[in-house]
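# Examining the three-dimensional arrangement
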Amino acid sequence: MNILIQNGTIVRSDKTFIADIFISDGKIMQIGNSLNLHEKIDKTIDAKGFYIFPGGIDPHVHMYLPTPAGYSSDDFETGSKAALIGGTTTLLDFVTPRKGQSLTEALTLRIEEARNSHCDYSFHVSPIEWTQNTEQEINECIKAGITSFKVYMAYKGAVGLDDTDLKKVLKIVGKAGGLVTIHCELGDEIDILRDQFVAEGKTEPLYHALSRPAILEAQAVQRIVDFAKEANCAIYIVHVSSKESLKIIERAQKSRQKVQAETCPHYLLLDDSKYNGAFIDTVKYVLSPPLRKKEDQESLWKSIQNGVVSTVGTDHCPFNMSQKSIGKNDFRKIPNGAGGVEHRLSLLYTYGVLENRITLNQFVDISSTQAAKIFGLYPQKGEIAFGSDADLVIWNPKTEKTISIKNHLSNCDLEIYEGFKTTGAPEFVFTNGEIVVEKGKTNSESKGFFLKRNL
Ligand code: URP
Ligand code: ZN
Ligand code: ZN
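Computed from a predicted model, the values in this text were never measured in an experiment. (Residues numbered from 1 in each chain as written. Chains lettered and ligands numbered in written order. Predicted model: local features only at pLDDT ≥ 70, side-chain atom pairs only at ≥ 80, totals over all residues. Heavy atoms only, no water.)

Turning to the overall build of the chain, a few remarks are in order. Looking only at helices and strands, one finds 14 helices and 17 strands in the chain. Taken over C-alpha atoms, the radius of gyration comes to 21 Å for the chain, in line with the 23 Å a tight globule of 455 residues would show. Viewed in the frame of its principal axes, the chain has a C-alpha envelope of about 70 × 50 × 40 Å. Burial status across the chain gives 62% buried among its 455 residues. Put simply, of all contacts in the chain between residues at least 6 apart along the chain, 74% involve residues at least 24 apart. Counting every atom, the chain has about 17700 Å² of accessible surface; 49% of that belongs to carbon and sulfur. (Helix = DSSP H or I, 4+ residues; strand = E, 2+ residues; numbered from the N terminus. Rg over C-alpha atoms; globule rule 2.2 N^0.38 Å. Buried < 20%, exposed > 50% of the residue type's maximum accessible area, 1.4 Å probe, protein only. Contact = heavy atoms within 4.5 Å. Areas by Shrake-Rupley, 256 points an atom, 1.4 Å probe, with all protein chains shown as cover.)

Our next topic: the coordination of the zinc ion (ligand 3). Taken together, the protein donors to the zinc ion (ligand 3) comprise His60 (NE2), His62 (NE2) and Asp315 (OD), at separations of 1.9 to 2.1 Å. Given four donor atoms and angles of 86 to 134° at the metal, the environment of the zinc ion (ligand 3) is assigned as tetrahedral. In the primary sequence, the donor residues of the zinc ion (ligand 3) line up as H-x1-H-x252-D. Separating the zinc ion (ligand 3) and the zinc ion (ligand 2) is a distance of 3.7 Å. Note that histidine 62 is positioned in the loop between β6 (56-58) and α1 (76-85) and aspartate 315 in the loop between β13 (311-312) and α12 (321-324), a separation of 253 residues in sequence. For aspartate 315, a relative accessible area of 11% translates into the label buried. (Donors = N, O, S within 2.8 Å, 3.2 Å for Na, K, Ca; no water. Tetrahedral: all angles 85-135°; square planar, octahedral: opposite > 155°, others 65-115°.)

Our focus in this paragraph is the state of the cysteines. Applying the stated criterion across every chain, the model contains zero disulfides. In this structure cysteine 233 is not part of a disulfide, and its nearest cysteine sulfur, from cysteine 184, lies 13 Å away. Residue classification places cysteine 233 among the buried positions, given a relative accessible area of 4%. The thiol sulfur of cysteine 317 is not disulfide-bonded, and the nearest other cysteine sulfur, from cysteine 412, lies at 9.9 Å. (Disulfide = S-S within 2.5 Å.)

Moving on: the site of ligand 1. Near ligand 1 you find His60, His62, Tyr155, His183, His239, Leu287, Ser288, Asp315, Cys317, Asn336 and Gly337, and these make up its full shell. Tyrosine 155 places a polar side-chain atom, nitrogen or oxygen, 2.7 Å from an oxygen atom of ligand 1. One of the side-chain nitrogen or oxygen atoms of histidine 183 is found 3.0 Å away from an oxygen atom of ligand 1. Judged by the fraction of its atoms near the pocket grid, ligand 1 is located in the largest pocket. In the shell around ligand 1, the residues fall into three nonpolar, seven polar and one charged. (Near = heavy atom within 4 Å. Polar contact = N/O pair within 3.5 Å; in protein donor to acceptor, adjacent residues only side chain to side chain. 1 Å grid on protein atoms, 1.4 Å probe; cavity = no way out; pocket = protein on both sides within 12 Å on 5 of 7 lines; lining within 4 Å. Sits in = over half its atoms within 2 Å of the grid points. Nonpolar A, V, L, I, M, F, W, Y, C, P; charged D, E, K, R; others polar.)

Here the focus is the nonpolar core. Grouped together as the largest cluster of nonpolar side chains are 95 residues, with contacts concentrated most on Phe123, Leu170, Val180, Ile224, Ile235, Ile237 and Phe363. For this core, the leading source of residues is helix α7 (residues 214-231), giving nine residues. One finds Ile3, Ile21, Ile28 and Ile394 within the second-largest nonpolar core, a separate group that totals 18 residues. (Core = buried A, V, L, I, M, F, W, Y, C linked by side-chain atoms within 4.5 Å.)

Attention shifts here to the coordination of the zinc ion (ligand 2). Here the zinc ion (ligand 2) is held by His183 (ND1) and His239 (NE2), and the distances to it run 2.1 Å. A relative accessible area of 1% means that histidine 183 is categorised as buried. Overall, histidine 239 belongs to the buried group, its relative accessible area being 2%.

Another aspect to go through is the packing of helix α13 (residues 344-353) against helix α14 (residues 360-374). Helix packing for two helices is described by the angle between their axes and how far apart those axes are. It is the contact of α13 with α14, at a shortest axis distance of 10 Å, that shows an interaxial angle of 150°. Here the hand of the crossing between α13 and α14 comes out right-handed. Contacts between α13 and α14 involve Arg344, Leu345, Leu348, Tyr349 and Val353 on the former and, on the latter, Leu360, Phe363, Ile366 and Ser367. Partitioned by chemical class, the residues of the contact of α13 with α14 number seven nonpolar, one polar and one charged. (Axes fitted to C-alpha atoms, helices over the stretch in contact; angles between N-to-C directions. Left-handed = near helix turned anticlockwise from the far one by under 90°.)

By volume, the largest pocket amounts to about 910 Å³. If you go around the largest pocket, you meet 38 residues; those closest to its centre are Thr67, Pro68, Tyr155, Ala158 and Val159. The biggest single contributor to the lining of the largest pocket is helix α5 (residues 187-199), with three residues. Residue composition of the lining of the largest pocket, by class: 18 nonpolar, ten polar and ten charged. If you go around the second largest pocket, you meet 21 residues; those closest to its centre are Gly177, Gly178, Leu179, Ala234 and Lys258. Listed by contribution, the elements that provide at least two residues to the lining of the second largest pocket are α7 and α14. Broken down by class, the residue content of the lining of the second largest pocket amounts to seven nonpolar, ten polar and four charged. (Points joined across faces, edges and corners; volume = space filled by probe spheres on them.)

Let us look at empty space enclosed by the protein. Applying the stated criterion to the full structure yields one cavity of 30 Å³ or more. The space that makes up the largest cavity amounts to roughly 110 Å³. Together, 18 residues line the largest cavity, and Pro318, Ala338, Gly339, Cys412 and Leu414 are the ones closest to its centre. A per-class count over the lining of the largest cavity returns seven nonpolar, seven polar and four charged.

Treat this as a map of the structure, not an account of what it does.
Here's what the structure looks like:
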């Protein structure tokens, strides 16, 4: 299929310019003002007045995540459609093995599970224990195109690692030149606080937040920065939520340590006042780390502006009310997480670009280009350039919407951004040169592909 997109304003992380784009066989084949085309054109789109962004890359989603409260409510089919409608064309999810299962077996099964994804996809693989085979399994994952790993300092007893095992993962991945991504919260200290609150009869969602104070996130960040320095391993701290953590990350970056940071739209736009109220209203905000203070939001925006934070991922992990209600009398049983994959671009555009917190080029950088660079997908993904995959978003800057469970695509009866007004939305979305969203509707049974990544 040959497609010509004319007159669009192309926005890359480094520049903005008006030009035509010629797509053939899923790739960007020409960009320019008077293209010399000899091929037959199957479709021409006039993009005058619209922006053209590289397809969004969400570096942090959990589709169909197994938990004691059941699977997160979007599988790869529903979650990837929600992603596409919002302009995200590539998803980085996780491989979380069962205890005793090898990383490689878990990876094979997870790739199978993601087969119905409409977005291209890859995974961060999580060592959840250290065995005599883990080193070899990590190296096999790298050979299979998985170059990033994920460790949890929280969720002890489930997926969390102790300090000795964290150091082993960092050492082996560092030696191979890979990247370790980390959920930074001190699990043991949190568990003590959780149990204390419940023993005192403090069982509401508010105590989920109070048992996970920002200081325990910051202390975890400091600890992993020190471990990574010792192991000479590059690290990427997921879902950074607090100003205390940002200070530590900035200091490490200034000392030239390879430390990168991600935040999420909910930490930029929602705050801890959401935990005041009845269970039915507060439970949907039970996610980890919890929502912080308004001053943390300001620090996070500043850290995006000055490059301390490189990416904004959603940590998309929705659960239905029936699942969240399992923790009605004990917040420790509430599955952690919320959705957001379909709103990431429109929220960042509306509350970032239009409110002059970030430039259009920064918007592209944090929502696409940086994730491609950090996770070994660049310039195949995250860029509008000759030879890159034709993953593109033709963005109508005038489309106005109100986010609601009534119109979202995610398979979830809860919505943490309910009532948020957005301006700007995709008019067309392309993955690998195929139109997958047209005028706000998914119109294709398109298929996503597993992406092997480079070190
Ligand atoms: O609350 C969250 N974030 N749930 C998903 C798992 C994780 O910690 O990222
Ligand atoms: Zn996490
Ligand atoms: Zn997560």
